[in-house]
Amino acid sequence: MVLLENIHKSFGENEVLRGLDLEIGEGQTMVILGQSGCGKSVLLKLILRLMNQEEGLIVIDDEDTTDFSENQMMRVRKKFGMLFQSSALFDSISVADNVAYMLNEHTDMSRTEIANRVKEMLSFVDLSGVEEMMPADLSGGMKKRVALARALAFKPHYILYDEPTTGLDPLTAKTINELIRNTQERLDVTSIVVTHDLISAFYVGDRLALIQEGVTSFCGTPQEFAASTDPFIVEYLACGREYN
Ligand SMILES: Nc1ncnc2c1ncn2[C@@H]1O[C@H](COP(=O)(O)OP(=O)(O)OP(=O)(O)O)[C@@H](O)[C@H]1O
Ligand SMILES: [Mg+2]
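Residues numbered from 1 in each chain as written. Chains lettered and ligands numbered in written order. Predicted model: local features only at pLDDT ≥ 70, side-chain atom pairs only at ≥ 80, totals over all residues.

1. Here's the deal with the site of ligand 1
Heads up, the condition is: Residue proximity rests on one test: whether the C-beta atom, placed from the backbone, lies within 6 Å of the molecule or strand. Strands here are runs of E lasting at least two residues and helices are runs of H or I lasting at least four, both read from the DSSP assignment and numbered beginning at the N terminus. When residues are grouped by polarity, Ala, Val, Leu, Ile, Met, Phe, Trp, Tyr, Cys and Pro land in nonpolar, Asp, Glu, Lys and Arg in charged, and all others, Gly among them, in polar.
Around ligand 1, the structure places Phe11, Asn14, Val16, Gly34, Ser36, Gly37, Cys38, Gly39, Lys40, Ser41 and Val42. Sorting the residues of the shell around ligand 1 by element identifies strand S2 (14-24) and helix H1 (40-47) as the ones contributing at least two each. No other element matches H1, which puts three residues into the shell around ligand 1. Grouping the amino acids of the shell around ligand 1 by side-chain chemistry returns four nonpolar, six polar and one charged.

Rendered as structure tokens:
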């Protein structure tokens, strides 16, 4: 379980998070919505402590990580797979080496075990046989899938997705949504999905959270979100429908 309590995060005068609370239950997929710049990517970085909050608690599996040392955080980070907003593959190495990266760096698995894991993960994302290709030769959708295979290779307990379907055509986005669902169901992970894509939000989310003015202004099921009479949510949904 991931628990965020009263999180404050500013950059100079820019108060981005202003007392945000959020709880992501075991095995759930939590979707985070909110306008561009509201602090969604910052939130994911705070969970992994790639940056620090000024105030507030972050509890991961009953451990308050707020004052953890870098070494303790390294141990916590190994529980997480992360799909960055840009797929962030390493351009100079092959797909197989990208997927194997964490395994090479942080485990004592043998070369054969790693090669098998890479194969298994590429097959899971329906990309068997691309091991030797270079990231530059892949389409955007393929890159996202390789990035997902890389995030899953370490068998994480949590996966953080930052805009997994942005920039993809509707059919490719659908395959990514299905993969996110399959990942949750088959690999029993707990996921946080940041997205602007309402189709994706409703398809993958067990719960949706909306960030507004630095706090969680709504958190509930997709059905509760769709039924909300809050004027901002009504407009948000209406605009979403116009574009989708
Ligand atoms: N390292 C940083 N230094 C200074 N300001 C930052 C930094 N990272 C983020 N910010 C600011 O924090 C705010 C929130 O940024 P964030 O990237 O979390 O937005 P977001 O909700 O993910 O937006 P988008 O939907 O466009 O990706 C923005 O105003 C951004 O400029
Ligand atoms: Mg972002």
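2. Topic: the domain arrangement of the chain
How large an interface is tends to be reported as the accessible area lost when its parts come together. In plain terms, the rule: In this entry, domain limits derive from an automatic or database-based domain assignment. Residues are treated as contacting if the C-beta atoms built from their backbones sit within 7 Å of each other.
Here the domain parsing of the chain yields domain 1 (1-79 + 165-244) and domain 2 (91-155). Measuring from the centre of the C-alpha atoms in domain 1 to the corresponding centre in domain 2 gives 25 Å. Listed per partner, the contact involves eight residues of domain 1 and nine residues of domain 2. In terms of residue class, the side of domain 1 that touches domain 2 is made up of four nonpolar, three polar and one charged.

3. Thoughts on H1
The line we're drawing: Backbone-placed C-beta atoms define the burial measure: a residue is buried with 20 or more other C-beta atoms within 10 Å of its own, exposed with 12 or fewer, and partly exposed in between.
Of all eight residues that make up H1, six are buried, and the element is covered over most of its length. If you check which residues of H1 are buried, you get Lys40, Val42, Leu43, Leu44, Leu46 and Ile47. The positive-phi residue at the C-terminal boundary of H1 is Arg49, with phi of around 55°.

4. Details of the sheet that holds strand S10 (residues 215-220)
To be explicit about the condition: Pairing between strands is defined by DSSP: at least two bridges between the two strands are required. All axes are obtained by fitting lines to C-alpha atoms, using only the stretch in contact for helices, and the reported angles, taken between N-to-C directions, cover 0 to 180 degrees.
The mixed open sheet is built from six strands, whose spatial order is S6-S7-S8-S3-S9-S10. Only two strands of the sheet have a single neighbouring strand rather than two, namely strand S6 (80-83) and S10. Averaged over all adjacent pairs, the angle separating strand axes in this sheet is 15°, with direction ignored. Relative to strand S8 (residues 190-194), strand S7 (residues 158-162) runs parallel, the two being bridged by five bridges. Counterpart to Tyr161 in the pairing with S8 is Val193. Sheet strands in contact with helix H5 (residues 140-153) are S6 and S7, and its direction is about 170° off that of S6.

5. As for the environment of Met73
Position of Met73 relative to the elements: it lies in helix H2 (residues 70-77). Residues Met73 and Pro231, spaced 158 residues apart in sequence, show a C-alpha to C-alpha distance of 40 Å. Excluding its chain neighbours within four sequence positions, the residues that come into contact with Met73 are Arg49, Thr65 and Phe68.

6. Side note on the environment of Met82
Looking at where Met82 falls in the secondary structure, it is placed in strand S6. In sequence terms Met82 and Tyr161 are 79 residues apart; their C-alpha atoms lie 6.0 Å from each other. Sequence-distant contacts of Met82, defined by excluding residues within four places in its chain, comprise Leu48, Ala151 and Leu160.

7. Let's talk about the sheet that holds strand S5 (residues 63-64)
Two orientations exist for strands paired in a sheet by backbone hydrogen bonds: parallel and antiparallel. Read across the sheet, four strands follow the order S2-S1-S4-S5 without closing on themselves; strand pairing throughout is antiparallel. Two strands close off the open sheet at either side, each with one partner strand: S2 and S5. Relative to strand S4 (residues 55-60), strand S1 (residues 2-11) runs antiparallel, the two being bridged by five bridges. Bridge pairing links Glu5 to Leu57 in S4. Packing against the sheet, H1 makes contact with S1, S2 and S4, and its axis sits at approximately 120° to S1.

8. Side note on the pairing of S8
Keep this limit in mind: Note on handedness: a crossover is taken as right-handed if, strands pointing away from the viewer, the path from the first strand over the helix to the second is clockwise.
Among the five residues that make up S8, five are buried, leaving the element largely enclosed by the rest of the structure. Going residue by residue along S8, you find Thr190, Ile192 and Val194 tucked away on one face and Ser191 and Val193 tucked away on the opposite face as well. Pairing of strand S3 (residues 29-33) with S8 involves four bridges; the strand directions are parallel. Across the sheet, residue Met30 finds its bridge partner in S8, namely Ile192. For the segment spanning S7, helix H6 (residues 170-187) and S8, crossover handedness is right-handed.

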